[in-house]
Amino acid sequence: MNRRAGIDVAIVGGAVVGAACAHALAALDLEVALIEAVEPPRWSPDNPDLRVYAFAPDNAALLDGIGIWRDVEATRTQPYRRMRVWDSAGGGELAFDADAFGRSELGWIIEHGLLVDRLWTALSTAGVQLHVPARVEALEQHEQGVRLQLDDGVRIDARLLIAADGAGSTIRSLAGLDVATHDYAQRGLVAYIRTEHAHQETAWQRFLPGGPLAVLPCSEGRSSIVWTLPDSEAARLLGVDDGTFDRELTRAFDLRLGAMRVDSKRVAFPLRRQLAQRYVQDRVIAIGDAAHVVHPLAGQGVNLGLRDVAALRDALREARARGVDFAGSQRLTRWARTRRSENAAAAYAFDGLNRLFSSDGVAPSLLRGPLLGLAGKIPVLPYALWRRAAGLE
Ligand SMILES: Cc1cc2nc3c(=O)[nH]c(=O)nc-3n(C[C@H](O)[C@H](O)[C@H](O)COP(=O)(O)OP(=O)(O)OC[C@H]3O[C@@H](n4cnc5c(N)ncnc54)[C@H](O)[C@@H]3O)c2cc1C
């Protein structure tokens with residue numbers, strides 16, 4: 001089949017990663033369509049989103065390039081200037097301080113809904129064709145591009161198709177991009193809490209035998225938790241009354257911020273590692289959670305997805321500057337190889353940490369406290385670890 005493609009790029013999935021990708025590629029003067037199944041709800045300060053991100057500085061720079069960072073930052077973000085990581089089995093503590101790195105913050109805690117809202121508001125003037133609510137019903141792949149049939153009757157021909165439709169990606173399946181999945185048998189329980197003592201603009205994480213408990217600062221007196229728990233324990237803690245939950249949470253956090261009190265509903269997400277074997281198949285590529293799902297213990301899911309976007313933008317810009325077919329170029333293959341190896345390395349590193357710390361075994365318990373203490377005492381190590389996590393190298 002040999003057909004002329006209509007537009008340059010079609011992106012399926014318009015949450016943080018897909019919407020940011022639409023902006024980044026439209027800014028290269030590419031003709032872009034964005035197809036999203038669900039009309040994004042307007043964000044409201046009175047209705048905080050339970051999903052919050054520890055957002056890295058390189059991705060703040062990406063949003064700045066798109067032109068929305070100042071608005072997001074001014075609307076509701078909480079900079080975190082310190083990180084403290086320690087283990088329930090005792091031993092040392094890993095500490096990162098922004099001052100020591102010559103920065104005013106290590107990153108920002110931001111609600112998912114606020115990011116989506118601001119990305120979509122700006123899309124209305126970015127020259128992107130928006131198809132929402134709409135789903136892809138059929139995909140045809142041919143030499144020069146793809147043809148999409150949407151459920152609202154619209155047909156789109158594009159030279160490149162980007163799957164940004166999340167962990168359960170339909171496009172990935174239609175294109176035949178296989179994934180390898182590992183179920184952690186854990187859930188991430190998220191909620192807002194109030195704490196007796198101030199959060200000190202610090203992102204806290206305590207490793208417990210069932211999984212890490214992260215407490216992220218959100219506003220004065222208010223923090224968000226991501227508590228990794230074995231499936232059955234998560235189900236139990238979703239079912240207990242607020243008073244019981246508060247007592248168990250306060251104890252699990254070792255009274256580090258005094259008494260803790262839940263201040264929202266509690267929700268738990270299943271946790272898995274899911275890695276696409278390839279990110280590119282002819283003229284279809286996968287980015288964000290469609291390509292890689294990682295354990296949330298390092299708060300890197302959306303950060304890795306946005307790094308896919310920044311690297312893709314650079315690869316396509318270079319291909320266009322050289323006058324080669326951006327959608328069939330070597331650069332796309334190179335982009336896929338580099339991103340896949342970086343994301344897989346991150347996924348397996350989080351896996352290793354989860355295994356080492358979520359264990360009652362004697363050997364891991366003996367190892368981890370001293371390991372954290374040692375890492376904390378070698379000044380260059382926290383620096384290198386943070387720079388890597390923040391995407392600054
Ligand atoms: C408990 C928990 C805590 C987390 N904490 C952090 C954190 O602190 N920091 C961090 O960086 N990450 C974190 N993550 C991970 C983060 O949520 C994901 O990595 C991120 O949401 C992936 O973004 P995405 O845009 O690729 O996919 P998604 O957010 O899943 O978006 C996919 C989009 O595609 C749309 N869609 C789906 N199917 C179709 C279709 N067929 N047609 C059209 N549209 C479709 C959906 O409606 C949705 O809008 C956490 C995850 C969990 C579970």
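My aim in this report is to walk through the structure given alongside it, one point at a time. Each chain has its residues counted from 1, following the order in which its sequence is written. Only residues with pLDDT of 70 or above have their local features reported here, since the model is predicted, and side-chain atom pairs are shown and tallied only from 80 upward, although totals for entire chains, interfaces and linings are computed over all residues. Excluded from the side-chain calculations are hydrogens and water; all other atoms, namely the structure's heavy atoms, are used.

Topic: the overall build of the protein
Where we set the bar: Each helix is a run of H or I in the DSSP string that is no shorter than four residues. Each strand is a run of E no shorter than two, and both are numbered from the N terminus. Each residue is placed in one exposure class: buried if its accessible area under a 1.4 Å probe, protein chains only, is under 20% of its type's maximum, exposed if it is over 50%, and partly exposed if it falls in between. Note on areas: these come from Shrake-Rupley sampling with a 1.4 Å probe, and a residue is covered only by the protein chains present in the view.
Along its length, the protein carries eleven helices and 20 strands. With 393 residues in all, the protein has 53% of them scored as buried. Accessible area for the protein stands at about 16800 Å²; split by element, carbon and sulfur atoms hold 50% of it.

Concerning the nonpolar core
The line we're drawing: Residues enter a nonpolar core if they are buried and are Ala, Val, Leu, Ile, Met, Phe, Trp, Tyr or Cys, with the set joined through side-chain atoms within 4.5 Å. In this analysis, two residues are considered to be in contact whenever any of their non-hydrogen atoms come within 4.5 Å of each other.
Formed by 77 residues in total, the largest nonpolar core has its most connected members in Leu 25, Leu 148 and Ile 162. With near-sequence residues (within four places) excluded, Leu 25 lies in contact with Val 9, Leu 30, Val 32, Ile 162, Leu 312, Arg 313 and Leu 316. Ala 191, Val 215, Leu 237 and Leu 257 belong to the second largest nonpolar core, which has 22 residues in total.

Focus on the site of the ligand
Formally: Here a residue is near a molecule or strand as soon as one of its heavy atoms is found within 4 Å of it. Pairs of N or O atoms are called polar contacts if they sit within 3.5 Å, as long as, within protein, a hydrogen donor faces a hydrogen acceptor (for residues adjacent in sequence, only side-chain-to-side-chain pairs). Charged means Asp, Glu, Lys or Arg here, nonpolar means Ala, Val, Leu, Ile, Met, Phe, Trp, Tyr, Cys or Pro, and polar covers whatever is left, Gly included.
Taken together, 28 residues lie near the ligand, and Glu 36, Arg 51, Asp 289, Gly 299 and Val 302 sit nearest. A distance of 3.1 Å is found between a nitrogen atom of the ligand and a backbone nitrogen or oxygen belonging to Ala 37. In the complex, the protein chains occlude 86% of the 1000 Å² of accessible area that the ligand would expose alone. Contributions of two or more residues to the shell around the ligand are made by α1 (16-26), β3 (52-55) and α8 (301-321). Split into classes, the residues belonging to the shell around the ligand amount to 15 nonpolar, eight polar and five charged.

Remarks on unusual backbone geometry
The step from Val 132 to Pro 133 runs through a cis peptide bond, and the omega angle for that step is -5°. Turning to its location among the elements, Pro 133 is positioned in the loop between β8 (129-131) and β9 (136-142). Backbone geometry places Ala 185, a non-glycine residue, at a positive phi of 55°. With respect to the helices and strands, the residue Ala 185 is situated in strand β12 (residues 179-195). At Asp 282, a residue that is not glycine, the phi angle is positive and equals roughly 55°. The class for Asp 282 is exposed, based on a relative accessible area of 55%.

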